[in-house]
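Here is what each chain is made of, one letter per residue.
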Amino acid sequence: MKRIYSHDNIVFAYNIKNILELSGIQCVIRNDILSSAAGEAPPTEVWPEVWITNESKFEDAERIVHEAVHGNSSQTSWFCQRCSETNAPAFELCWQCGHDREVS
């Protein structure tokens, strides 16, 4: 097993775990109940961590986590056909009016 991601917010850790598992990479969460030890141990030592179970998939997992956290640089923003608002590539619905993304 190898650690792929850590964050102080458990929601972010579980989100990354879900994204990895949807991509076929099995992983586990560690330290998800250690927040009560904060103050006794260094803060980053008690953060929830995502560990992949198959180290041979580490490079794929690393790419997936990077895209999830920073976005996919090969995708571009899109403009809503209804309200002309600029939306991030990850949005399938316009953040302002809720209109579906029109894929050309």
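Please refer to the structure placed before this passage.
Everything quoted here is computed from the prediction, not taken from an experiment. (Residues numbered from 1 in each chain as written. Predicted model: local features only at pLDDT ≥ 70, side-chain atom pairs only at ≥ 80, totals over all residues. Heavy atoms only, no water.)

Asks: An account of the environment of E21 is requested, with residue identities and associated values reported.
Replies: Of note, E21 is situated in helix 1 (residues 10-22). Residue classification places E21 among the partly exposed positions, given a relative accessible area of 26%. The residues contacting E21, other than those within four sequence positions of it, are Q26 and C27. (Helix = DSSP H or I, 4+ residues; strand = E, 2+ residues; numbered from the N terminus. Buried < 20%, exposed > 50% of the residue type's maximum accessible area, 1.4 Å probe, protein only. Contact = heavy atoms within 4.5 Å.)

Asks: Describe the sheet that holds strand 3 (residues 49-52), listing the residues and the values that go with them.
Replies: Within a sheet, each strand pairs with its neighbour through backbone hydrogen bonds, oriented either parallel or antiparallel. Read from one edge of the open sheet, 3 strands run 1-3-2, paired in antiparallel fashion. Edge positions in the sheet fall to strand 1 (2-6) and strand 2 (27-30), since each has one partner strand and no second. Neighbour-to-neighbour, the strand axes of this sheet turn through a mean angle of 30°, independent of strand direction. Inspection of the sheet shows strand 1 paired to strand 3 by 4 bridges, in the antiparallel sense. The residue of strand 3 that forms the bridge with R3 is W51. Packed on one face of the sheet, helix 1 meets strand 1, strand 2 and strand 3 and runs near 170° to strand 2. Packed on one face of the sheet, helix 2 (residues 58-70) meets strand 1 and strand 3 and runs near 0° to strand 1. (Pairing = 2+ DSSP bridges. Axes fitted to C-alpha atoms, helices over the stretch in contact; angles between N-to-C directions.)

Asks: Quick one: what's the story with unusual backbone geometry, residue by residue and with numbers?
Replies: Most peptide bonds are trans, and most residues other than glycine sit at a negative phi. In this structure, S84 is a non-glycine residue whose phi angle is positive, near 65°. Along the chain, the position of S84 falls in the loop between strand 4 (78-79) and strand 5 (86-87).

Asks: Account for the nonpolar core, naming residues and giving values.
Replies: One recurring pattern in soluble globular proteins is that nonpolar side chains are buried together. Grouped together as the largest cluster of nonpolar side chains are 14 residues, with contacts concentrated most on I4, L20, V50 and I52. Of all the elements in the fold, those that place two or more residues in this core are strand 1, helix 1, strand 2, strand 3 and helix 2. With 4 residues, the single largest contributor to this core is helix 2. In contact with V50, not counting residues within four places along its chain, are K2, R3, I4, Y5, A13, I16, K17, L20, C27, V28 and I29. (Core = buried A, V, L, I, M, F, W, Y, C linked by side-chain atoms within 4.5 Å.)

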